[in-house]
Amino acid sequence: LTQELELQTSKLEEELELTKLMRAKPLSDFMLDFYNSNDVYTLSYIEARISNQVTSECDDFKKHVIRKINNANSKDEAQNTMNESSTIDYGNSCFNCCYNTFSDVLDETKESFESNFKNFRDQFVESYGIQAVDFSYTLNNDPSWKRKFDFSYDKSNLTTFPVFRFFKSLDSVKQQMREDVIPKIDKAFTKIDAYYIKKARKAYSELSKQMEGVKSMFVSKYQKIIDQRIAESDKKENML
């Protein structure tokens, strides 16, 4: 009888030990402490990743265009630089890299939200001794958001007719071409940067709303279980 009482007492003490944290810290405070010290990807980080890639691709494309202008052997060749297939292909490649970075960072952000919640759930299970379900996030990343290179270069600012270029040297035509095309390239990449950042902000806002919804649902569901455990613990304490 003594041995049985000691065994029952030991089990009750172990069960009561599990409810100490439940009593000391509400689940909402436990969650707040976790999320204050465990961050997901920030919007500023996402925007920086996108803008840095766009800037890099813009610089590469400008170097490519300037090199082709500088290497042109005639005035016509210099002024037709933006319409050459190799230039268009390179522009498409640069735009594709911008989109790939945008898409990748959105996927990584979703994984960041999911990984962060998984770590929280694991800590909750370990601390409270209650098994919890996992949650996944839905990312709004529409393939139709991808923008193709469509420069549509306008040479209206240039004197392109041979008769008007007769007294201009090849170097002066090249210089005029560089001065005309570089600002237009900057404008095209600035536009794509603003476009992808706008889409990223929208996607991030949706992920953040989902996260807040998951947190609210988690507290609502498991605080009830915790309250029930505490009530059961009160009875066991009386038994002890």
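The structure this text deals with has already been given above.
Residues numbered from 1 in each chain as written. Predicted model: local features only at pLDDT ≥ 70, side-chain atom pairs only at ≥ 80, totals over all residues. Heavy atoms only, no water.

Quick notes on the overall build of the protein chain
Worth spelling out the cut-off: What counts as a helix is a DSSP run of H or I of at least four residues, what counts as a strand is a run of E of at least two, and both are numbered from the N terminus. Think of it in three bands: residues with accessible area under 20% of the maximum for their type are buried, residues over 50% are exposed, and the middle band is partly exposed, with areas taken using a 1.4 Å probe on protein chains only. In this analysis, two residues are considered to be in contact whenever any of their non-hydrogen atoms come within 4.5 Å of each other.
On a plain count of helices and strands, the protein chain comes out with seven helices and zero strands. Shown N-terminal to C-terminal, the secondary structure of the protein chain runs as helices and strands in the order α-α-α-α-α-α-α. Seen along its three principal axes, the alpha-carbon backbone of the protein chain occupies a region of about 115 × 25 × 25 Å. Across the 240 residues that make up the protein chain, the buried fraction comes to 36%. Within the protein chain, counting contacts between residues at least 6 apart in sequence, those at least 24 apart form 86% of the total.

As for the packing of aromatic side chains
Any aromatic ring pair is given by two values, namely how distant the centres are and how the planes are angled relative to each other. Definition in use: To pair, rings of Phe, Tyr and Trp, with the six-membered ring standing in for Trp, must have centres within 6.5 Å; the planes then decide the type, stacked if under 30 degrees apart, edge-to-face if over 60, and tilted in the middle. Geometrically, a lysine NZ or arginine CZ counts as sitting over a ring once it is within 6 Å of the ring centre and also within 35 degrees of the ring normal.
Per the counting criterion, the structure on display carries 28 aromatic pairs. With centroids separated by 5.2 Å and ring planes inclined at 80°, the aromatic side chains of F34 and Y35 adopt a geometry described as edge-to-face. Each of the two residues, F34 as well as Y35, counts as buried. Aromatic pair F113 and Y204: ring centres 5.8 Å apart, planes at 75°, arrangement edge-to-face. In this pair, F113 sits in helix 5 (residues 85-128) while Y204 sits in helix 7 (residues 170-239), placing the two residues 91 residues apart along the sequence. Overall, Y204 belongs to the buried group, its relative accessible area being 15%. Against the face of Y35 rests K215, its NZ or CZ located 4.4 Å from the ring centre. Lying over the aromatic face of Y222, K221 brings its terminal NZ or CZ to 5.5 Å of the ring centre.

Some details on helix 3 (residues 43-70)
One full turn of an α-helix is made of 3.6 residues, so residues set three or four places apart face in the same direction. To be explicit about the condition: To estimate how far a helix should extend, the number of its residues minus one is multiplied by 1.5 Å.
With 28 residues, helix 3 extends 40 Å between its outermost C-alpha atoms, agreeing within 8% with the 40 Å of an ideal straight helix rising 1.5 Å per residue. Within helix 3 the residues assigned to the buried category are I46, E47, I50, S51, V54, E57, C58, F61, K62, H64, V65 and I69.

Looking at the pattern of salt bridges
Side chains that carry opposite charge are capable of pairing whenever their charged atoms lie near each other. Test applied: Salt bridge criterion: a side-chain nitrogen from Lys or Arg within 4 Å of a carboxyl oxygen from Asp or Glu.
In this structure the tally under the stated criterion is 11 salt bridges. Connected via shared salt-bridge partners are K118, R121, D122 and D134.

As for the packing of helix 2 (residues 27-37) against helix 5
What counts, and what does not: Here an angle of 0 to 180 degrees is reported between the N-to-C directions of two axes, which are lines fitted to C-alpha atoms, with helices fitted over the stretch in contact. Here roughly perpendicular refers to angles of 65 to 115 degrees, roughly parallel to angles under 35, roughly antiparallel to angles over 145, and oblique to all remaining angles. In this scheme the crossing of two helices becomes right-handed for a clockwise turn of the near helix relative to the far one and left-handed for an anticlockwise turn of less than a right angle. In this count, Pro and Cys sit with the nonpolar residues alongside Ala, Val, Leu, Ile, Met, Phe, Trp and Tyr, while Asp, Glu, Lys and Arg are called charged and the others, Gly among them, polar.
Helix 5 packs onto helix 2 with a crossing angle of 135° between their chain directions and a minimal axis gap of 11 Å. Considering their axes alone, helix 2 and helix 5 lie oblique with respect to each other. The chirality of how helix 2 crosses helix 5 is right-handed. Contacts between helix 2 and helix 5 involve L27, F30, M31, F34 and Y35 on the former and, on the latter, N116, F117, N119, F120, Q123, F124, S127 and Y128. Partitioning the contact of helix 2 with helix 5 into residue classes produces nine nonpolar, four polar and no charged.

What to know about the environment of K68
Along the chain, the position of K68 falls in helix 3. You can call K68 partly exposed: its relative accessible area is 23%. In this view, K68 contacts T81, E84, S86 and T87; residues no more than four positions away in its chain are not counted.

Looking at helix 5
An ideal rise of 1.5 Å per residue puts 64 Å on 44 residues; helix 5 measures up with 64 Å between its terminal C-alpha atoms. G129, located one to two residues past helix 5, shows a positive phi value of around 70°.

Brief notes about the layout of surface pockets
To be explicit about the condition: Two kinds of site are reported from a 1 Å grid over the protein atoms alone, namely cavities, where a 1.4 Å probe fits but cannot get out, and pockets, open sets with protein on both sides within 12 Å along at least five of seven lines, and residues are called lining when an atom falls within 4 Å of a point. Grid points are joined across faces, edges and corners, and a volume is the space filled by probe spheres set on the points.
Reported here for the largest pocket is a volume of approximately 330 Å³. What lines the largest pocket is F95, R147, K148, F149, D150, F151, K184, K187, A188, K191, I192 and Y195. Sorting elements by how many residues they give to the lining of the largest pocket places helix 7 first, with six residues. Split by residue class, the lining of the largest pocket holds six nonpolar, no polar and six charged.

What about the state of the cysteines?
Quick reminder of the rule: The term disulfide is used for any two cysteine sulfur atoms that are within 2.5 Å.
Counted under the stated rule, the structure contains zero disulfides. Take C97: it sits in no disulfide, and the sulfur closest to it among the cysteines is that of C94, at 6.5 Å. Between C98, a free cysteine, and C97, which holds the nearest cysteine sulfur, the sulfur-to-sulfur gap is 7.1 Å. By relative accessible area, which is 1% here, C98 ends up buried.

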